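Take a look at the letters that make up each chain.
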Amino acid sequence: MTPAATALAVAATGNGFLSPTGVEIAFVLVGLATLGAAAITVTTKQLVHAALWLVVALGGIAVEYLLLTAEFIAWVQVLIYLGSVVVLLLFGLMLTKAPIGRSPDADSNNRWVALGVALVAAAALVWVVVDAFRTTWIDLDGPAQGSTQVTGEMLFQHWVLPFEALSVLLLAALIGAIVLSRRDAAAGGPDDKKGQQR
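If you're wondering where the values come from, they're calculated on a predicted model, not measured in any experiment. (Residues numbered from 1 in each chain as written. Predicted model: local features only at pLDDT ≥ 70, side-chain atom pairs only at ≥ 80, totals over all residues. Heavy atoms only, no water.)

Draft legend 1. Summary view of the overall build of the protein. Tallying secondary structure elements over the protein gives seven helices and zero strands in all. Beginning at the N terminus, the succession of helices and strands in the protein can be written as α-α-α-α-α-α-α. A total of 198 residues make up the protein; the buried ones form 14% of that total. Sequence-distant contacts in the protein: of pairs separated by 6 or more residues, those separated by 24 or more amount to 71%. (Helix = DSSP H or I, 4+ residues; strand = E, 2+ residues; numbered from the N terminus. Buried < 20%, exposed > 50% of the residue type's maximum accessible area, 1.4 Å probe, protein only. Contact = heavy atoms within 4.5 Å.)

Written as structure tokens, this is what we have:
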């Protein structure tokens, strides 16, 4: 099918960029808010604020899943990322005694390198998604497109290794935070006792 025929077919079905529905407008607005929250997350110099803005970004992604009629993935996003990953980050900040206010150490001289890498990664992601779903339209006003069974089969047949690697990564982060906090406590213990004796 030629691009012109595809455009005519899309116009005949009523789908197109010139006639967006309310769900599509909400999707774009939530996407822009999520993008803004993600930008603040990586640019702020306050670590606690970065974690809280990460909550907003991950919550926005969950709303995007809901708008795409993927309710199961949306609740997984809320339970795992908002309920576990962010809590783990906050516990890590507390256990490692990270500074609460503005931290000049949170800035880096590699900002332009990071920006270039981010732009290349974003361009690659957009290209992959557009190439994979070039002429695919999702009926956002219709019934849910995916089910728990289909999602589980896809996840545990094709994505088992990344799923397990993520769980090991989270476990390693938790153990590392505990080790760092105990090391700080052990280093400060004798000084505290000397101060009390004086």
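There is more to say after this.
Draft legend 2. Layout of the packing of helix 3 (residues 47-67) against helix 4 (residues 71-95). It is the contact of helix 3 with helix 4, at a shortest axis distance of 8 Å, that shows an interaxial angle of 175 degrees. Classified by the interaxial angle, the pair formed by helix 3 and helix 4 is roughly antiparallel. Residues Leu 47, Val 48, Ala 51, Leu 54, Val 55, Leu 58, Gly 59, Ile 61, Ala 62, Tyr 65 and Leu 66 of helix 3 form the contact with helix 4, whose own contacting residues are Glu 71, Ile 73, Ala 74, Gln 77, Val 78, Tyr 81, Leu 82, Val 86, Leu 89, Leu 90 and Leu 93. Taken together, the residues of the contact of helix 3 with helix 4 sort by class into 19 nonpolar, two polar and one charged. (Axes fitted to C-alpha atoms, helices over the stretch in contact; angles between N-to-C directions. Parallel < 35°, antiparallel > 145°, perpendicular 65-115°, else oblique. Nonpolar A, V, L, I, M, F, W, Y, C, P; charged D, E, K, R; others polar.)

Draft legend 3. Structural context of the packing of helix 2 (residues 22-43) against helix 3. Between helix 2 and helix 3, the least distance of the axes is 8 Å, while the angle of their chain directions is 160 degrees. As far as their axial angle goes, helix 3 and helix 2 are roughly antiparallel. Helix-helix and strand crossings are classified by hand; for helix 2 and helix 3 the assignment is left-handed. Across the interface between the two elements, Val 23, Ala 26, Phe 27, Val 30, Gly 31, Thr 34, Ala 37, Ala 38, Ile 40 and Thr 41 of helix 2 pack against Ala 50, Trp 53, Leu 54, Val 56, Ala 57, Gly 60, Ile 61, Val 63, Glu 64 and Leu 67 of helix 3. Across the contact of helix 2 with helix 3, the residue classes tally to 15 nonpolar, four polar and one charged. (Left-handed = near helix turned anticlockwise from the far one by under 90°.)

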